[in-house]
Amino acid sequence: MSAEQNFLDVKIMGREYRVACRPEERDALLAAVDLVDNKMREIAQKTKSTIAERVAVMAALNIAHERLAAPVGEAAEEALASTDTKRRIEDMGARLDAVLAPQQQLDL
């Protein structure tokens, strides 16, 4: 097998990426790419943000929150779905906005 077969070219939000991937992991990686691309597009549309880094971080937080909030037992589910967790995620988004605002001005 050539080394070229261990890579997969994917596109997320219109940008191309080359990712290391064994042939048996191809379908799972494509499903992950689809999930990330859809989540990033959804967030970019909601926030009207064009800063890929900010959109990527918010998508990662959303995907992680959804994953962690999945039923894993009553106590864990309640803790993860609490308003405190949601508030902390919103705070992270606000901090990202503050840090990335100067970058957005440079992109204009």
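Preceding this section is the structure that the text describes.
All of the points below concern the structure found in this document. (Residues numbered from 1 in each chain as written. Predicted model: local features only at pLDDT ≥ 70, side-chain atom pairs only at ≥ 80, totals over all residues. Heavy atoms only, no water.)

## A closer look at the overall build of the chain
Quick note on the threshold: Each helix is a run of DSSP H or I of at least 4 residues and each strand a run of E of at least 2, with the numbering of both proceeding from the N terminus. Working definition: with a 1.4 Å probe on protein chains only, accessible area under 20% of the residue-type maximum means buried, over 50% means exposed, and in between means partly exposed. Note on contacts: a residue pair qualifies if any of its non-hydrogen atoms lie within 4.5 Å across the two residues. To be clear on the numbers: accessible area is Shrake-Rupley with a 1.4 Å probe, and residue cover counts the displayed protein chains and nothing else.
Helices and strands together make up the secondary structure of the chain, namely four helices and two strands. Secondary structure elements of the chain, listed N to C terminal, follow the sequence β-β-α-α-α-α. Expressed as a percentage of its 108 residues, the buried residues of the chain come to 20%. For the chain, the share of sequence-separated contacts (at least 6 apart) that also reach a separation of at least 24 residues comes to 35%. Accessible surface, the chain as shown: approximately 7,900 Å² in total, 55% of it carbon and sulfur.

## Thoughts on the packing of helix 1 (residues 26-47) against helix 2 (residues 52-68)
Put simply, the test is: Interaxial angle, 0 to 180 degrees, is taken between N-to-C directions of lines fitted to C-alpha atoms, where a helix line uses only the stretch in contact. Each crossing gets its handedness from the near helix: less than a right angle anticlockwise from the far helix is left-handed, clockwise is right-handed. Put simply, Ala, Val, Leu, Ile, Met, Phe, Trp, Tyr, Cys and Pro go in the nonpolar bin, Asp, Glu, Lys and Arg in the charged bin, and everything else, Gly too, in the polar bin.
Relative orientation of the contacting elements helix 1 and helix 2 amounts to 115°, with a least axis distance of 9 Å. Along this stretch, helix 1 crosses helix 2, giving a crossing that reads as right-handed. Residues Leu35, Val36, Lys39, Met40, Ile43, Ala44 and Thr47 of helix 1 pack against Ala52, Arg54, Val55, Ala56, Met58, Ala59, Asn62, Ile63 and Glu66 of helix 2. A per-class count over the contact of helix 1 with helix 2 returns eleven nonpolar, two polar and three charged.

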